[in-house]
Amino acid sequence: MALDKIRAGMGDLDAASVEVWSDEAEARATGLQQILGADGRLVDGAAAPKLDAGLLRELHRGMLRARVLDEKMLLLQRQGRIHFYAEARGQEAAVIGAVAALEARDYVVPAHREIGAALHRGLPLASVVAQLLGNAHDVGRGRQMPVHQAAPRALNFIPPSSCVATQLPHAAGIAWAAKMRHDPIVVLAYLGEGATSAEDFHAGVNFAAVYHVPAVFLCENNQWAISTPASRQTVSRTFAIKALAYGMPGVRVDGNDVLVVHAAVAEAAARARQGGGPTLIEAVTYRMGAHSSSDDPHRYRSDAEEASWADKDPLRRFGAYLAAAGVLDAAGGAAQRAAIEAEIAAAVEVEERVGPPPLRSLIENVYARTPAALEEQLADLERVRGAAR
């Protein structure tokens, strides 16, 4: 028997059920949109996106650059040449597919696995390496921990924070300001599934929905928030379905399929730019490495689990698709990797020769006029260091 449905808040307490969202909206938030299967072939019923060959190669290069950078920088950390690192290995399709769907004027509000997105926006690789080393070329003067890179204002890429979900109210605020100024931009905010358990997630997403701001929230569900599995974060069927309770669309996609991530973010961004409000996208992916260089994932997850996700590697999948389409063959992919490796090696060689930030930077960039007490303390430190030499 069909049940009578009403919209929430209509006050009809005798109705058999209350319709808060449509069946179609629920299906988008609980299903799994795909274009490419794990073998790199189009899934049944999927059409190849109308992206030119140059963009496809650039997507692959962005993903590969993020992967190779992770490999090389983790080695440097293990050698003691940098102090900390956090990989995005396995999540490259979500990171690059999303940022590549934006316009240059749009804003990116990252979490802490989006170095690849910063590079894709135009941040020089040398700046990334300098920040990891904390040397004199680091625009942050070594004050922030590695992997928390700043970027020139022109790139509209907000510096990341390790504090979980704190970036989401910031993203909603930037988008609200844009709406008030009639500035036709979109704000893309990255988050992990663990962030959905934090207060700032609810504050940021609810604010964005209430004020109907032009924001896209991309939840990279990589299955683990450090050692806490996704199953311990929520009893909701998916993370995307949380969007419906806030009155915005929720979309769930295969986060290891760069084409479907790109398509979903492009659609959400276009909707936001036209005044349609925010969207929450859940990209189902996997963190192939450790949470950070300080973590040992083998203490909380099995080798079998890791192996099962290795078969869904986003780079392998996209590479197979590009080869079959005649866009980038194995030789072309190898040439891309060789060029990226050479670029990274050159940047490391240069930046490791650079000394630390000047001692005076310890007391700069906080006060318009440095207090006398700080000047006195700096002078004492300089005398101590001079005597030690």
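Coordinates for the structure precede this section.
Residues numbered from 1 in each chain as written. Predicted model: local features only at pLDDT ≥ 70, side-chain atom pairs only at ≥ 80, totals over all residues. Heavy atoms only, no water.

**Student:** So what exactly am I meant to see when it comes to the overall build of the chain here?
**Tutor:** Per the secondary structure count, the chain includes 13 helices and 9 strands. For 389 residues, the compact-globule formula gives about 21 Å, and the C-alpha radius of gyration of the chain, at 23 Å, lands near that figure. Here the C-alpha coordinates of the chain stretch approximately 90 × 55 × 45 Å along the principal axes. Classification of the 389 residues of the chain by burial places 47% in the buried group. Side-chain charges in the chain split into 40 positive and 46 negative, and the spacing between the mean points of these groups amounts to 4 Å. (Helix = DSSP H or I, 4+ residues; strand = E, 2+ residues; numbered from the N terminus. Rg over C-alpha atoms; globule rule 2.2 N^0.38 Å. Buried < 20%, exposed > 50% of the residue type's maximum accessible area, 1.4 Å probe, protein only. Lys, Arg positive; Asp, Glu negative; His and termini not counted. Charge placed at Lys NZ, Arg CZ, Asp CG, Glu CD.)

**Student:** Honestly, the packing of aromatic side chains in this entry has me stumped. Any pointers?
**Tutor:** Any pair of aromatic rings gets described here by the distance separating the centres and the angle formed by the planes. In total, this model carries 7 aromatic pairs according to the counting rule given. Plain terms: the ring middles of F318 and Y321 are 6.3 Å apart, the flat faces sit at 10 degrees to each other, and that makes the pair stacked. With a gap of 3 residues between them, F318 and Y321 both fall in helix α11 (residues 314–324), about one helical turn apart. Judged by its relative accessible area of 12%, Y321 falls in the buried class. (Phe/Tyr/Trp six-rings, centres within 6.5 Å; stacked < 30°, edge-to-face > 60°.)

**Student:** Just checking my understanding: could you explain the environment of V205 for this structure?
**Tutor:** Locating V205 in the fold gives a position in helix α7 (residues 199–210). Note on V205: relative accessible area 0%, which makes it buried. A C-alpha to C-alpha distance of 42 Å links V205 and G332, two positions 127 residues apart in sequence. Residues within four places of V205 in sequence aside, it is in contact with F217, Y246 and M248. (Contact = heavy atoms within 4.5 Å.)

**Student:** Would you mind showing me how to read the pairing of strand β4 (residues 187–192) here?
**Tutor:** Moving residue by residue along a regular strand, the side chains alternate between the two faces of the sheet. For β4, the tally of buried residues reaches 5 of 6 residues, placing the bulk of the element in the interior. With 3 bridges connecting them, strand β3 (residues 107–109) and β4 associate as parallel partners. Paired with V109 across the bridge in β4 is A189. Note: β4 against strand β5 (residues 215–221), 6 bridges, orientation parallel. Residue pairing for β5: L188 is matched across the bridge by V216. (Pairing = 2+ DSSP bridges.)

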